[in-house]
Every structure is written in structure tokens, then in C-alpha cells.
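Structural overview
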Amino acid sequence: MSEGLEIERKFLAEMPETEKLCILSKTGITQTYLIRGENNSQRRVRRIDENGDVTYTYTEKHFITPVIRDENEREISSTEYDMLLMQRDTECVPVEKVRYRFEYKNQLFELDVYPFSDKLAILELELDTPEQEIDFPDYIKIIKDVSADKKYSNAALANAGAFPELI
């Protein structure tokens, strides 16, 4: 179980050649949002498939700022996952994505690729402080910082079925 503050920045990027990434893992994720929890917390479950090994997680987040959130996450059983799916937020389409985790200059990046675009992706990085300098790989073209733009949240992207630039 992971608990505590998460500081994360998100960037819209042109889809890089994945062969250039020093990939640590490639994971298929189905993310389903649940009805809001206590104090309007965001709740979700994930089905995570890494090379045929399927695991499930439950996450609850309280947003402090667009970049800082209090997050509690734990692994759950497939039975608990199925039970929690009954609390699905019917206003949100489940998110389907492939996540590539890779390292660059001692930074752990996550590149989320969505089935509706082969040109754009979301690049995420957890930080120690909101002001931390980020050293981006030169083979990834960053279009803009979307950390505070709700149009680029997983829920918004899934519901739109496209990046805002492509609508």
C-alpha cells in the first residue's frame, strides 16, 4: 500500500519512437472511475496487465493543487475489483492505455499511450518538489505542460476519445 503526498507533472508530447526509450516495463491499463468518496475524493480501480500477469489496484486521491495530491493506493483481489466496479461512475468512460516506464538521467518517466492517437501521448514524472528541474530526453518533443489542465486528465481524455488538439 502506498500512502502520502504525490507530486506529479504531466506533459503533452509527440509520440516518440518507443525503440529509443530504455523501457523498464510496458503495461496495459484499464482504469475505471468510481463514484466520489468521502470529502469528494477521486476513487478508481485499475486492471493492470504486464506480460499476461494481471493485478488490480484501488486508489483514492484528494487533490491539494493540480500538481500535489494526497494518494492512497493498494493492491486488491479480482473479487474486490469486480465488487468495486459496481460503484462505477457512469458519467466516466473507462480509460484504456498502454504505459511505458523508462529511465532517463536518474528520472523515472511514464509515457501513457491511448488507443485514439498514434501521434500524441502524455508524459508523466513524479517529483520530490513542485519546482524540481526536469531533464527531458532530447528524442521526446514536449508540446506543453498540462499538469493543471483538466482537459488532459485521464477521465476527460477517455470521455472525449481524443486529445483536445484533435477534436
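It should be noted that the structure appears before, not after, this text.
Residues numbered from 1 in each chain as written. Predicted model: local features only at pLDDT ≥ 70, side-chain atom pairs only at ≥ 80, totals over all residues. Heavy atoms only, no water.

1. A few points about the pattern of salt bridges
Side-chain pairs of opposite charge can arise whenever the charged atoms involved come near each other. In the structure shown here, the tally under the stated rule is 16 salt bridges. For glutamate 110, the salt bridge is made with arginine 99, and the minimal N-O distance between the two is 3.4 Å. Note that glutamate 110 is positioned in strand 7 (residues 107-113) and arginine 99 in strand 6 (residues 95-104), a separation of eleven residues in sequence. Assessed through its relative accessible area of 15%, glutamate 110 is described here as buried. Notably, a salt bridge pairs lysine 151 with aspartate 149, separated by 3.7 Å at the nearest N-O pair. Relative accessible area serves as the criterion here: at 25%, aspartate 149 is assigned to the partly exposed category. The network of salt bridges with shared partners includes Lys97, Arg99, Arg101, Glu110, Asp112 and Glu124. (Salt bridge = Lys/Arg side-chain N within 4 Å of Asp/Glu carboxyl O. Helix = DSSP H or I, 4+ residues; strand = E, 2+ residues; numbered from the N terminus. Buried < 20%, exposed > 50% of the residue type's maximum accessible area, 1.4 Å probe, protein only.)

2. Some words on the side chain of aspartate 112
Relative to the helices and strands, aspartate 112 is located in strand 7. Within the structure, aspartate 112 has its side chain in polar contact with the side chain of arginine 99 (distance 2.7 Å). Not counting chain neighbours up to four residues away, the residues in contact with aspartate 112 comprise Lys97, Val98, Arg99, Ala121, Ile122 and Glu124. (Polar contact = N/O pair within 3.5 Å; in protein donor to acceptor, adjacent residues only side chain to side chain. Contact = heavy atoms within 4.5 Å.)

3. Points about the nonpolar core
One finds Leu21, Phe102, Phe109, Leu111, Leu123, Ile134 and Ile140 to be the most contacted residues of the largest nonpolar core, which totals 18 residues. Going through the elements one at a time, strand 1 (2-14), strand 6, strand 7 and strand 8 (120-126) are the ones with two or more residues in this core. Once residues within four sequence positions are removed from consideration, leucine 123 is found in contact with Arg9, Lys10, Phe11, Phe102, Phe109, Glu110, Leu111, Phe136, Ile140 and Ile142. Leu12, Cys92, Leu120 and Val146 belong to the second-largest nonpolar core, a separate cluster that totals 13 residues. (Core = buried A, V, L, I, M, F, W, Y, C linked by side-chain atoms within 4.5 Å.)

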